[in-house]
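Summary of structural features
Each chain is listed here by its residues.
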Amino acid sequence: MAQTKNYIAELNEHAQKNHLKLRFEDLGSDGLDHNKIFSQKVIIDGKDYPKGVGKTKKDAKLKAAENALRCLLDGQDLVTSAPVKTDINYICWLNEYGQRNRLTVKPVESTRPGPHNIIPWCSFMVGDEEYPAVSGKTAREAKEEAAKLVYDMICGSQTKRSSAGLVSSSGAGSVTVCRFTSEFEPLERLGKGAFGSVHKVRHKKLNKEYAVKIVCYKEKALREVSALSDLFHRNIVRYYTFWEEDTRYEGDLSFDSYSSSHTADNSEAKFLYIQMELCAENTLKDWIDEKNDQGLQDSKRREESLRIAQEIVCGVEYIHSKNHIHRDLKPANIMFGMEGEVKIGDFGLVTSDDDDDAWIERTVCKGTPSYMAPEQKSERQYDRKVDMFALGLIFFELLWKLSTRSERAMVKASFILFLFVFKQKQIINSLLCEKPEDRPDAGALKAALEEWTQIYNGQKSFHQENQTV
Ligand SMILES: Nc1ncnc2c1ncn2[C@@H]1O[C@H](COP(=O)(O)OP(=O)(O)OP(=O)(O)O)[C@@H](O)[C@H]1O
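Residues numbered from 1 in each chain as written. Predicted model: local features only at pLDDT ≥ 70, side-chain atom pairs only at ≥ 80, totals over all residues. Heavy atoms only, no water.

1. A look at the sheet that holds strand S13 (residues 208-216)
Strands sit in the order S11-S12-S13-S15-S14 across an open sheet of five strands; the sheet is antiparallel. Each edge of the sheet is formed by a strand with only one pairing partner; in this case those strands are strand S11 (184-192) and strand S14 (239-245). Each strand of the sheet is rotated relative to its neighbour by a mean of 25°, with strand direction disregarded. (Pairing = 2+ DSSP bridges. Helix = DSSP H or I, 4+ residues; strand = E, 2+ residues; numbered from the N terminus. Axes fitted to C-alpha atoms, helices over the stretch in contact; angles between N-to-C directions.)

2. Some words on the packing of helix H8 (residues 284-294) against helix H9 (residues 299-321)
The contact between H8 and H9 brings their axes to 12 Å, and the two run at 165°. In terms of orientation, H8 and H9 fall into the roughly antiparallel class. Judged by the sense of rotation from one axis to the other, the crossing of H8 with H9 is left-handed. Packed against H8, whose contacting residues are Leu284, Trp287, Ile288, Lys291 and Asn292, the element H9 presents Arg301, Glu304, Ser305, Ile308 and Ile312 at the interface. Looking at the contact of H8 with H9, its residues break down into five nonpolar, two polar and three charged. (Parallel < 35°, antiparallel > 145°, perpendicular 65-115°, else oblique. Left-handed = near helix turned anticlockwise from the far one by under 90°. Contact = heavy atoms within 4.5 Å. Nonpolar A, V, L, I, M, F, W, Y, C, P; charged D, E, K, R; others polar.)

3. Observations regarding the UniProt feature "binding site: ATP" (unreviewed entry) in the protein
With numbering matched to this structure, UniProt assigns "binding site: ATP" (unreviewed entry) to Lys213. In this structure, lysine 213 sits in strand S13. Contact partners of lysine 213, with chain neighbours within four places excluded, come to Ser197, Val198, Glu224, Leu272, Tyr273, Ile274, Met276 and Asp346. In terms of polar contacts, lysine 213 uses its side chain to reach the side chain of glutamate 224, at 3.0 Å. (UniProt positions renumbered as here; feature names shortened; annotations may be inferred. Polar contact = N/O pair within 3.5 Å; in protein donor to acceptor, adjacent residues only side chain to side chain.)

4. Description of the pairing of strand S6 (residues 118-126)
Examined bridge by bridge, strand S5 (residues 105-113) and S6 share nine bridges and lie antiparallel to one another. Residue pairing in the sheet places glutamate 109 in a bridge with cysteine 122 of S6. In terms of strand pairing, S6 meets strand S8 (residues 134-135) through two bridges, oriented antiparallel. When the bridges of S8 are listed, cysteine 122 appears paired with valine 134. Counting the residues in the hairpin turn of S6 and strand S7 (residues 129-130) gives two residues, including glycine 127, whose phi is positive at 65°.

5. As for the packing of aromatic side chains
If you walk through the whole model with that rule in mind, you get eight aromatic pairs. Aromatic pair tryptophan 93 and tyrosine 151: ring centres 4.9 Å apart, planes at 85°, arrangement edge-to-face. Here the residue tryptophan 93 occupies a position in helix H3 (residues 90-100), and tyrosine 151 occupies one in helix H4 (residues 139-155), the gap between them amounting to 58 residues. Take tyrosine 151: its relative accessible area is 3%, and that puts it in the buried class. Taken together, the ring pairs connect Tyr90, Trp93, Tyr97 and Tyr151 into an aromatic cluster. (Phe/Tyr/Trp six-rings, centres within 6.5 Å; stacked < 30°, edge-to-face > 60°. Buried < 20%, exposed > 50% of the residue type's maximum accessible area, 1.4 Å probe, protein only.)

6. Here we look at the side chain of serine 123
Relative to the assigned elements, serine 123 resides in strand S6. In contact with serine 123, not counting residues within four places along its chain, are Lys106, Pro107, Val108, Tyr131, Pro132, Ala133 and Ala146.

7. Section: the environment of tyrosine 131
The residue tyrosine 131 is located in the loop between S7 and S8 in this model. Its relative accessible area of 10% is what places tyrosine 131 among the buried residues. Sequence separation between tyrosine 131 and proline 107 is 24 residues, and the spatial gap between their C-alpha atoms is 9.8 Å.

8. A closer look at the pattern of salt bridges
Enumeration over the complete set of coordinates arrives at 21 salt bridges. Measuring nitrogen to oxygen at the nearest pair gives 3.4 Å for the salt bridge that ties lysine 57 to aspartate 26. In this pair, lysine 57 is assigned in helix H2 (residues 57-74) and aspartate 26 in strand S1 (residues 22-30), connecting sequence segments 31 residues apart. Under the relative-accessibility criterion, lysine 57 is labelled partly exposed at 46%. Because the salt bridges share partners, they merge into one network encompassing Glu185, Arg202 and Glu209. (Salt bridge = Lys/Arg side-chain N within 4 Å of Asp/Glu carboxyl O.)

9. Description of the packing of H9 against helix H11 (residues 385-399)
Put simply, H9 and H11 touch, their axes get as near as 10 Å, and they point 165° apart. Regarding the angle of H9 to H11, the classification is roughly antiparallel. Our pair here, H9 against H11, has a crossing hand that is right-handed. Facing Arg301, Arg302, Ser305, Ile308, Ala309, Ile312, Val313, Val316 and His320 of H9, the residues of H11 in contact are Asp387, Met388, Leu391, Ile394, Phe395, Glu397, Leu398 and Leu399. Looking at the contact of H9 with H11 residue by residue, the class counts come to 11 nonpolar, two polar and four charged.

10. Concerning the confidence of the model for the protein
Here the protein shows a mean pLDDT of 76. Residues at 70 or above account for 72%. Every residue in residues 254-267 scores below 50 in pLDDT, and together they form 22 contacts with partners more than four places removed in sequence or on other chains. Of the regions scoring below 50 in pLDDT, residues 413-420 engages in 11 contacts with residues more than four places distant in sequence or in other chains. Scored as a complex, the prediction yields pTM 0.59 and ipTM 0.95. (pLDDT = per-residue confidence, 0-100.)

11. Comments concerning H9
Here H9 contains 23 residues, and its C-alpha end-to-end distance of 33 Å stays within 8% of the 33 Å for a straight helix at 1.5 Å per residue. With its phi angle positive at about 60°, asparagine 323 sits one or two positions after the end of H9. (Expected span 1.5 Å × (residues − 1).)

12. Topic: the nonpolar core
Soluble globular proteins: nonpolar side chains tend toward being buried together. Core analysis: the biggest nonpolar cluster contains 57 residues, and Leu284, Ile312, Ile344, Leu391, Phe395, Leu445 and Leu449 have the highest contact counts within it. The element that contributes the greatest number of residues to this core is H11, accounting for 11 residues. Residue-level mapping places this core at the junction of two domains, with at least three residues from each of domain 3 (181-249 + 269-277) and domain 4 (284-460). Once residues lying within four places of it in the same chain are set aside, the contact partners of leucine 284 are Ile308, Ile312, Pro331, Ile334, Phe336, Ile394 and Leu398. (Core = buried A, V, L, I, M, F, W, Y, C linked by side-chain atoms within 4.5 Å. Domains from an automatic or database assignment.)

13. Section: H3
All of the buried residues along H3 are Tyr90, Ile91, Trp93, Leu94, Tyr97 and Gly98. End-on view of H3: buried residues confined to an arc of 160°, all on one side of the axis. The N-cap residue of H3 is asparagine 89: its side-chain oxygen and the backbone nitrogen of isoleucine 91 are 3.2 Å apart. Positive phi shows up at arginine 102, right after H3, with a value of about 50°. (Arc of directions from axis to C-beta.)

Below, the structure written as C-alpha cells:
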C-alpha cells in the first residue's frame, strides 16, 4: 500500500531550519455527524497558506501541511484571505475526473427542512467513495458546492498557477501539479534526440543534480525504462525512477514540432519522465572529435582508448548477461561518469534476447545506420552480435582519426595495414566479420582486451627500462 508522506514533520523541519513561525489553524467542520469534512490551514509568519480538507482532522492537517510545503518549495504565491476566484466548472471537472479514472460519478440530491423552508442538499458518490453532503440556496448551487467539495478534497484546494511549466491542465477546469517542476528545478537542456529531450535538473529537497529524459509515452520509452530498471552496473547510466504526466514540460521547446505531429490528434498522449544519474556533458563522440582535432595517434590516445574500450565491453557484457541487446551502440550514446568512467546510455532501441542460441525475429533496420551490422540492415533475424559489430567500429574510431563514413569504409578496405600496425588482427577483424557467428561475444572480447593490455603494458615498461639504462 502506498504510504502517505509525513508532510507535517517535513514542514516543521523546514520551519525550524529557516526560523519560521509556524502554526496550524483549525477551520472547523461541515456536514452531518456521520459524514463530516474537516478543514485546517497553515499560517507561517502571519501569512495564510491554502487550506487542507479531509475526512478527519488529521487528514486535513496533513493536506494543509502538504499545500504549504508545495508553496514554500515552489515559491508559489500565498493565498490571500480573500477567496480565490476561479472559473472552474466543478461539475464538469468532476465528470471528466470520473471519465479519466474510470469511476462512476453520481450526485445524490435531497431536501431537508430548514427553519423557514425546504433546503436543497447534494453529495457525490465517486466510485465507491461517498463525499459529504452540502446545502445550497438552489438545487443547482447545492450540486456545484458538493462538486467543489470533492474537488477540494482531491486537489487540496490548490489554485491554478499561471507560470509556464508548473501546472498542466488536461481539460476544462482540470488542474494537476506537474511533478517535474514541483520536485525539480530544470537547469539546462543537455540534449535533444529523435524522440524527446534530456534536462539537467536539481532535486529541490535533496539538492542533488540528475538528468531527466522526457519522451512521448507511446514510442520507445517503456522499453527503455524497463531495460534500465533491470540494469545496475558501473558502466551503464544509472536509472532512478520514472513517472508519467499528461503534458510535456512547457519550457521544453524541443517538443514543439514533435507534439504537433504526434500528439495533436491524440488527446490521450502521455509523456514519460525518466530520472537518471547525471553524466558529464562530453560524450565519447566529443572525446573522439577532440583527439582527432589534436591530430596525434599517440601512445596516450592508445592507452586511454584501451581503458575506454575495456569499460565499454564490460558494460556490453553485462547488458548481454541480462538478455538485452542494446542495438544502438555508437559514440554519441556513450557518456562518462563524474570520475571519467564509461557510462552506456540511450536504451531506446533495447530489445530482449531471451534465447541464447536462437536468432529472434526483430524489426528490421533499428539503430544508427553507420554503426549497424550488415544483418541488422537487411534481415529480420539477428541477435546480440549486432552490438559486437558496432563495438568493432567504435574501437576503430577510438584508435584512428575516422571522421567520415567514406574514411571508415577506406580503413575497412586497408584493413591489413591497420591490423599489421596495431597487432589487433584477431580482435577487430573478428568483430567486423560479415557473419555474426564468427564475431566473438562480449566475454571473449573482454578477455582478448585484457591480454592486449598486458602485452601493451609489458612492452611499455620494457621500452621505458631500456630508455633509462
Ligand atoms: N544521463 C545523462 N546525463 C547527461 N547527459 C545525458 C544523459 N542522458 C542523455 N544525455 C544527453 O542527451 C543526449 C540525448 O539523449 P538520448 O540519446 O538518450 O536521447 P534520444 O532521444 O534517445 O536520442 P537519439 O535520437 O540519439 O536516440 C545525449 O547525446 C547526451 O548528450
